[in-house]
Amino acid sequence: MKVISYNLRKHRAAGELASLADRHDPDVLCLQECDSSDMPSQIHGLRLAEATARNRLGLAVYYRENTYRALDVRAMRLKKSLHDRVLKPAEERLLGVVLRDIDHGRELIVASFHAAPLTALNSLRRHQIRTALVELEQMGPGLPALMVGDYNYPVFKEALGQKVREQGYELNLSDARTYTRYRFFRGHYDFATSVGFDIERVRTLPQGRSDHKPILVTATPSAVPMSPTLPAPA
């Protein structure tokens, strides 16, 4: 399974999606900072599962319709930062989709995630990540789950990885930095968090019109997925 995650930088890179899908042939495309009113129903064989409607900077998930069926789609709110309360860029920061693999007869979850910006504390982003994982587990208890997106977490990633592992998930960074706009904030921002998947590779793709580079996650559902035990966020 190949999943691309891409922050479009306020929809500026939307025109690249067809060529990106043509070049890399993903099974799922997870987007952040897109204009939901301007998202096509299909992109190069990928069908739109859902795009958030309450966000100024929205989320969207596309899936390959000759390989998967979308069984359930949920847009979810997470704890707000001050930036969210004042500027209101996003009501929903998680968009999860339950997919059924037509050929193999199994179900799995893929989600697009966009954490609060750098003006927020890391503690709030950790809360959002923890809540997001709880929500995905409730969507499909015991199903393999893969959450990709813009985590806005450029420093102390090792500590974040430890927190995620304590909750039964794995955190994977790509092979090169993904954010390039500001000199002092360049680094890895776009991650993959998973349970019940064997992550083969997370590759950073070439720069486009966005300040984020896309990432390409290659993953295979494990033979026997494990269901994490996640405490509800305080």
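The sections below set out a description of the structure shown in this document.

Parameters at a glance
- Sequence positions are assigned chain by chain, starting from 1 and proceeding in written order.
- Side-chain atom pairs in this predicted model are given and counted only at pLDDT of 80 or more, local residue features only at pLDDT of at least 70, and totals for whole chains, interfaces and linings cover all residues.
- Calculated side-chain values reflect all of the structure's heavy atoms, with hydrogen atoms and water omitted.
- Secondary structure elements are defined from DSSP: runs of H or I of at least 4 residues count as helices, runs of E of at least 2 residues count as strands, and each element is numbered from the N terminus.
- Residue exposure (1.4 Å probe, protein chains only): buried if accessible area is under 20% of the type maximum, exposed if over 50%, otherwise partly exposed.
- We call two residues contacting when some pair of their heavy atoms lies within 4.5 Å.
- Accessible surface is estimated by sampling points in the Shrake-Rupley manner with a 1.4 Å probe; for residues, cover comes only from the protein chains shown.
- At least two bridges found by DSSP between two strands are what make those strands a pair.
- Note on definitions: angles span 0 to 180 degrees between N-to-C directions of axes, and those axes are lines fitted to C-alpha atoms, for helices only across the stretch in contact.
- Handedness of a crossover is defined as follows: with both strands directed away from the viewer, a clockwise route from the first strand across the helix to the second makes it right-handed.
- Salt bridges are counted wherever a side-chain nitrogen of Lys or Arg sits within 4 Å of a carboxyl oxygen of Asp or Glu.

### Quick word on the overall build of the chain
Step number 1: When helices and strands are tallied, the chain shows four helices and 13 strands.
Step number 2: Taken over 234 residues, the chain has a buried fraction of 56%.
Step number 3: Intrachain contacts of the chain at a sequence separation of at least 6 include 65% that bridge at least 24 residues.
Step number 4: Carbon together with sulfur atoms contributes 48% to the accessible area of the chain, which is approximately 10,500 Å² in total.

### A short note on unusual backbone geometry
Step number 1: The residue Arg9 is not glycine, and still its phi comes out positive at about 50 degrees.
Step number 2: Its place among the elements puts Arg9 in the loop between strand S1 (2-7) and helix H1 (17-24).
Step number 3: Of note in the backbone geometry, Asn152 takes a positive phi value of approximately 50 degrees without being a glycine.

### What about the sheet that holds strand S5 (residues 58-64)?
Step number 1: Spatial ordering of the open sheet is given by S3-S4-S5-S2-S1-S13-S12, a layout of seven strands whose pairing is mixed. The sheet is open, and its two edges are formed by strand S3 (42-43) and strand S12 (197-204), each paired on a single side.
Step number 2: Across five bridges, S1 lies against strand S2 (residues 28-34) in parallel orientation. Within S2, the residue paired with Tyr6 across the bridge is Leu31.
Step number 3: Sheet contacts for H1: S1, S2, S3, strand S4 (46-51), S12 and strand S13 (215-221); angle to S1, the most-contacted strand, approximately 155 degrees.

### Here's the deal with the environment of Glu135
Step number 1: By the element assignment, Glu135 lies in helix H3 (residues 122-139).
Step number 2: In this structure Glu135 comes out as partly exposed when scored by relative accessible area, which is 25%.
Step number 3: The spacing of Glu135 and Met76 is 59 residues in sequence and 8.0 Å in space, taken between C-alpha atoms.
Step number 4: Residues in contact with Glu135, not counting those within four places in the same chain, are Met76 and Leu94.

### A few points about the pairing of strand S8 (residues 106-114)
Step number 1: Where burial is concerned, most of S8 is hidden: seven out of the nine residues are buried.
Step number 2: In this structure, strand S7 (residues 94-101) lies alongside S8, joined through eight bridges in antiparallel fashion. Pairing of Val98 across the sheet is with Ile109, part of S8.
Step number 3: In this antiparallel pair of consecutive strands, S7 and S8, the connection spans four residues, and Gly105 shows a positive phi of 65 degrees.
Step number 4: Taking the sense of rotation as the criterion, the β-α-β connection linking S8, H3 and strand S9 (residues 145-150) turns out right-handed.

### Some points on the pattern of salt bridges
For side chains of opposite charge, pairing can occur when their charged atoms come near one another.
Step number 1: The final tally for this structure, using the stated rule, is seven salt bridges.
Step number 2: In this structure, the salt-bridge partner of Arg9 is Asp211, at a minimum N-O distance of 3.8 Å. A residue pair is termed long-range when its members are at least 10 positions apart, and Arg9 in the loop between S1 and H1 and Asp211 in the loop between S12 and S13 qualify at 202 residues. Here Arg9 matches Asp211 in class, with each residue buried.
Step number 3: A salt bridge links Arg106 to Asp101; the shortest N-O distance between them is 4.0 Å.
Step number 4: Look at Asp101 and you get buried, because its relative accessible area is 6%.

### Structural notes on the sheet that holds S7
Step number 1: Strand order in the open sheet made by the six strands is S6-S7-S8-S9-S11-S10, with mixed pairing throughout. Two strands lie at the open edges of the sheet, namely strand S6 (68-76) and strand S10 (170-172), each paired on one side alone. Pairs of neighbouring strands in the sheet enclose a mean axial angle of 20 degrees, with direction left out of account.
Step number 2: Across six bridges, S8 lies against S9 in parallel orientation. Counterpart to Ser112 in the pairing with S9 is Val148.

### Notes on the side chain of Asn152
Step number 1: Along the chain, Asn152 turns up in the loop between S9 and helix H4 (157-166).
Step number 2: The class of Asn152 is buried, set by a relative accessible area of 8%.

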